[in-house]
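Working through the structure, step by step
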Amino acid sequence: MTDFENVTLELRGHAAVITINRPKALNALNSATLDDLAEALVEASTFEDLRALIITGSGDKAFVAGADISEMAEMSCIEAEDFALQGQEVLNGIEHFPAPVIAAVNGFALGGGTELAMACDLIICSSNAVFGQPEVKLGVIPGFGGTQRLARLVGAMRAREIIFTGRNVSAAEAAEIGLVIRVLPEGESVLDAAIAMAGKIARVGPVAVRLAKRAINENVDSALPVALAAERTLFALCMSTDDQTEGMDAFLNKRKAEFQGR
Ligand code: DAK
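Sequence order as written defines the numbering, with residues in each chain counted from 1. Only residues with pLDDT of 70 or above have their local features reported here, since the model is predicted, and side-chain atom pairs are shown and tallied only from 80 upward, although totals for entire chains, interfaces and linings are computed over all residues. As a convention, hydrogens and water are excluded, and side-chain values are obtained from all of the structure's heavy atoms.

**Some details on the sheet that holds strand β4 (residues 52–57)**
On the basis of which strands lie adjacent, the open sheet formed by seven strands has the order β1-β2-β3-β4-β6-β8-β11 and mixed pairing. Either end of the sheet is taken by a strand with one partner, and the two such strands are β1 (2–3) and β11 (182–183). Pairs of strands are assigned from DSSP output, requiring at least two bridges between the strands. By the criteria applied, helices consist of DSSP H or I runs no shorter than four residues and strands consist of E runs no shorter than two, each listed in order from the N terminus. When strand β6 (residues 101–105) meets strand β8 (residues 122–125), the two strands line up parallel, connected through four bridges. Its bridge partner lying in β8, isoleucine 102 is registered against leucine 122. Docked against the sheet, helix α1 (residues 31–45) engages β1, β2 (7–12), β3 (15–20) and β4, running at close to 20° with respect to β2. Throughout, a contact is declared for two residues whenever any of their heavy atoms are within 4.5 Å. Here, axes are lines fitted to C-alpha atoms. For helices the fit covers the stretch in contact, and angles between N-to-C directions go from 0 to 180 degrees. Of the strands in this sheet, β2, β3, β4, β6, β8 and β11 are in contact with helix α8 (residues 190–202), which crosses β6 at around 160°.

**Overview of the side chain of threonine 19**
As for its position among the elements, threonine 19 is in strand β3. Three exposure classes are used, based on accessible area relative to the maximum for each residue type with a 1.4 Å probe and protein chains only: buried under 20%, partly exposed in between, and exposed over 50%. For threonine 19, a relative accessible area of 12% gives the class buried. Not counting the four nearest positions on each side in its chain, threonine 19 is found in contact with Asn6, Val7, Thr8, Thr56, Gly57 and Ser58.

**Focus on unusual backbone geometry**
Of note in the backbone geometry, leucine 26 takes a positive phi value of approximately 50° without being a glycine. For leucine 26, a relative accessible area of 29% translates into the label partly exposed. Backbone geometry places aspartate 49, a non-glycine residue, at a positive phi of 60°. Along the chain, the position of aspartate 49 falls in the loop between α1 and β4.

**A look at the packing of helix α3 (residues 77–95) against helix α4 (residues 112–119)**
When two helices pack together, their arrangement is given by the angle between the helix axes and the distance between those axes. Where α3 contacts α4, the two axes come as close as 8 Å, and the packing angle between them is 30°. Between α3 and α4, the interaxial angle falls into the category roughly parallel. For the pair α3 and α4, the contacting residues are Leu91, Ile94 and Glu95 in the first and Glu115, Leu116 and Ala119 in the second. Looking at side-chain class alone, the contact of α3 with α4 contains four nonpolar, no polar and two charged residues. For classification, angles of less than 35 degrees are called roughly parallel, those exceeding 145 degrees roughly antiparallel, those between 65 and 115 degrees roughly perpendicular, and all remaining angles oblique. Just so you know the grouping, Ala, Val, Leu, Ile, Met, Phe, Trp, Tyr, Cys and Pro go in nonpolar, Asp, Glu, Lys and Arg go in charged, and all remaining residues, Gly too, go in polar.

**Considering the environment of aspartate 3**
Relative to the assigned elements, aspartate 3 resides in strand β1. Given the relative accessible area of 58%, aspartate 3 is considered exposed. In the structure, aspartate 3 is positioned 37 residues away from alanine 40 in sequence and 9.2 Å away in space, judged by C-alpha atoms.

**A closer look at the site of the ligand**
In the vicinity of the ligand there are 24 residues, among which Lys61, Ala67, Ile69, Ala80 and Gly112 approach most closely. Take isoleucine 69: an N or O atom from its main chain is 2.9 Å from a nitrogen atom of the ligand. For the ligand, the accessible surface in isolation is 1,100 Å², of which the surrounding protein chains cover 62%. At the level of elements, α2 (69–72), α3 and β7 (108–110) are the ones that each hand at least two residues to the shell around the ligand. At three residues, the largest contribution of residues to the shell around the ligand is made by α3. Here the residues of the shell around the ligand sort into 16 nonpolar, four polar and four charged. Near, as used in this document, describes a residue that has one of its heavy atoms within 4 Å of the molecule or strand being considered. Pairs of N or O atoms are called polar contacts if they sit within 3.5 Å, as long as, within protein, a hydrogen donor faces a hydrogen acceptor (for residues adjacent in sequence, only side-chain-to-side-chain pairs). The Shrake-Rupley method, run with a 1.4 Å probe, gives the accessible areas here. Residue values count only the displayed protein chains as cover.

Next up, the structure:
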């Protein structure tokens, strides 16, 4: 386990778990926490044979209650742009982290909290999770990618309605509109569920999973012919791996594959 000031990083089996740990502010993201998160991501990426990364918040009340309002309130225009850039870079680092990233959302995920979750590959949440982009209530707009990622995930018109009103989105609605893939029944641990999901990912071909993530995340905004060309190249790259030889041989010989991740 590595303890940063406001973030912890630990290994649970094949999965790394990053926990935002700033309970006095409901895990709100200030610049120091974003710095910690950036460092934790770099350290996690060095773990050998890592199959998934999980991001969660400490306690059961909040995942992340947003960017830190008391810090933002004092910012000049230029400082605000730097802060937005810092947040966007950390979230881009999550989007392009080599292994799949699962957001285990345990409570409030407002503003920067929804934005952090949306940068992850998969979002699962507790039944008391609350999403939303309430920035307009503070006289600003989302600054960590919310106007873009929410529109891409749930559609532009629905994103407009959520962002223009700043209203809360319940866990049930989040599932209905495709913002999360699973809501845990009350009382079930979202972290345990994320670890179980990471376990399922750990059983399949590790190189294939990483290349599938790249195929999706690096090309989702490209024109279809460009994206399909990228998919072909990454598919061809799979054919040079030991994992492909092992996976296909195991199938043909009716045995369980033992992937080495190379
Ligand atoms: N920032 C700072 N402190 C926060 C916080 C936040 N986002 N959220 C909660 N806290 C603090 C509260 O101030 C309180 O501190 P104390 O008073 O105890 O010192 C403590 O956490 C507990 O919160 P509450 O007492 O309010 O707890 P409740 O259960 O009554 O309410 C709540 C929970 C989550 C509904 C409420 O705390 C709340 O509404 N929080 C703010 C949620 C919010 O508006 N989030 C969006 C923040 S804006 C940009 C870059 C980034 C962004 C925008 C632009 N650029 C640079 C262009 C992103 C903006 C945002 O994320």
